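Breakdown of the fold
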Amino acid sequence: MMVDHGGLEEHVERLRSLSFEIGTYRPPSEGASDSLLLRVSENCPWNRCTFCEMYKGHRFGYRPVEEVTADIDRVAAIRDEITVTSKKLGMGGEITRDLASALLAAGRDLTGNPSFVTVFNWLAAGSRTAFLQDADSMSMRPREFIVVLKHLRQTLSSLTRVTTYARSKTLYKRKPEELRMIREAGLDRLHIGLETGDDEVLSLVHKGVTSAEQIEGGRKAVAAGFQVSMYWMPDLGGRERWRQHAENTARVLSAIDPHYIRSRPLVPRPGTPLYDEVAEERLHLSSPHERLEELALMIGGLEVSSKVCFDHAMNAWSDRRGALLFRQDYEGYQFPEEKPLLLERIREGLAVDEAMHVHALRLMAVQSL
Ligand code: SF4
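Procedures and definitions
Residues numbered from 1 in each chain as written. Predicted model: local features only at pLDDT ≥ 70, side-chain atom pairs only at ≥ 80, totals over all residues. Heavy atoms only, no water. Core = buried A, V, L, I, M, F, W, Y, C linked by side-chain atoms within 4.5 Å. Buried < 20%, exposed > 50% of the residue type's maximum accessible area, 1.4 Å probe, protein only. Helix = DSSP H or I, 4+ residues; strand = E, 2+ residues; numbered from the N terminus. Phe/Tyr/Trp six-rings, centres within 6.5 Å; stacked < 30°, edge-to-face > 60°. Pairing = 2+ DSSP bridges. Polar contact = N/O pair within 3.5 Å; in protein donor to acceptor, adjacent residues only side chain to side chain. Contact = heavy atoms within 4.5 Å. Bend = angle between axes of the 7 residues up to and from the residue.

Turning our attention to the nonpolar core. I82, M138, L187, F226, L302 and F326 are the most contacted members of the largest nonpolar core, which totals 80 residues. Top contributing element to this core by residue count: helix α3 (residues 65-88), with eight residues. One finds C52, A135, M233 and L236 within the second-largest nonpolar core, a separate group that totals 14 residues.

As structure tokens, then:
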């Protein structure tokens, strides 16, 4: 399609003048749906977990409601400007590759403008999902969070799913009626880093929560009507505590029965206390087969109706044919129906030479760079 790029300067100029805060992190499933990323707080209010490098060196910032609602208004203004441009070019408001080419021809610098790029991609994907950043949106005062959510839903009415990260400890502290009101204001899904259900490992990694609090917080979130997505970290206990890590993680997850359980195997990150523990041989990482044995124990102990997912490159064990041992999609294995299948896959992985797992992991690590 031939597009006349003339007369777009005023729109490009306006798009340049509009920006809103976007954080760095979001779950992979939110990237896949091109979710709108919007920061309701900055960094992590806890920031002490020994394995986590995400917000180290950055102070937590509580964003005032007016700032966040003004950001939502700026998202709407960018959306409207892009839509008007599409209509002006005879594209009927559709968000297409040709529209992107026309805008970038008039303002090449827009490619480096995260606000424009985020809103454009979000519109092109149907503008249905949003992810509220950063690490613990539930730490916002409930009354203020509700104002933000209502404003978001009213202003960006195409949204059908709004999700965020939340800490178990914060959920544990919230009253059930507060959680219900937040849910009713338009927050649909919580992504929660459980990591382990073992109290000793929780304490060693400074997670700041006990397994009893995790269970109570998780159950309250489910009862309030949230879709709950929980992440656990295979090998967080190392060779020293793999058995108690697996057994207690299964115990806690079974008590909560979240909608999603997602595997995020431990990767020691330079600059974290846990990295030093491994380097100084105070914590010993498991081999690929040992990690599978841990998985067998944890998965075998799960009594849930959740979807168990391996949607991350670090879950790259290999099967007999050299293909990925586990499906890596975002919907995973439906329990309890697919539990026998998953246990069978783990048995197959244990029968494969360990060198094949190491090769598969290296390959996926390179591909995900
Ligand atoms: S609560 Fe989450 S984001 Fe904060 S330090 Fe722990 S793992 Fe990192």
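On to the packing of aromatic side chains. Tallied over the entire structure, the rule returns six aromatic pairs. When the centroid spacing of 5.3 Å and the interplanar angle of 75 degrees are considered together, the rings of Y25 and Y55 count as edge-to-face. Note that Y25 is positioned in the loop between α1 (9-17) and α2 (28-32) and Y55 in the loop between β2 (41-42) and β3 (61-62), a separation of 30 residues in sequence. Classification of Y25 as partly exposed rests on a relative accessible area of 25%. Y55 gets classed as buried once you look at its relative accessible area, which sits at 5%. Ring plane angle 85 degrees and centroid distance 5.0 Å describe the contact between F131 and Y165, whose orientation is recorded as edge-to-face. In this pair, F131 is assigned in strand β4 (residues 129-133) and Y165 in strand β5 (residues 161-166), connecting sequence segments 34 residues apart. A relative accessible area of 17% means that Y165 is categorised as buried.

The next thing to look at is the sheet that holds strand β1 (residues 36-39). The eight strands lie next to each other as β1-β4-β5-β6-β7-β8-β9-β10, forming an open sheet whose pairing is mixed. One side of each edge strand has no neighbouring strand; the edge strands of this open sheet are β1 and β10 (333-334). Where strand β6 (residues 189-195) and strand β7 (residues 227-232) come together, six bridges link them in parallel fashion. When the sheet's bridge partners are listed, H191 is paired in β7 with S229.

On to the side chain of E348. Along the polypeptide, E348 turns up in helix α14 (residues 339-351). Since its relative accessible area comes to 11%, E348 is described here as buried. Of the polar contacts made by the side chain of E348, one reaches the side chain of R345; its length is 3.1 Å. Aside from chain neighbours lying at most four places away, what touches E348 is D319, R320 and L325.

Time to look at helix α11 (residues 238-256). For an α-helix, 3.6 residues make a turn, and residues three or four places apart therefore share a direction. Along α11, the helix axis deviates most sharply at Q244, where the bend reaches about 35 degrees. Regarding α11, the residues found buried are G238, H245, A246, N248, T249, A250, V252, L253 and I256. Looking at the buried side of α11, the elements it contacts are β6, α10 (211-223), β7, β8 (260-263) and α13 (288-300). Immediately beyond the C-terminal end of α11, within one or two residues, lies D257, with a positive phi of roughly 50 degrees.

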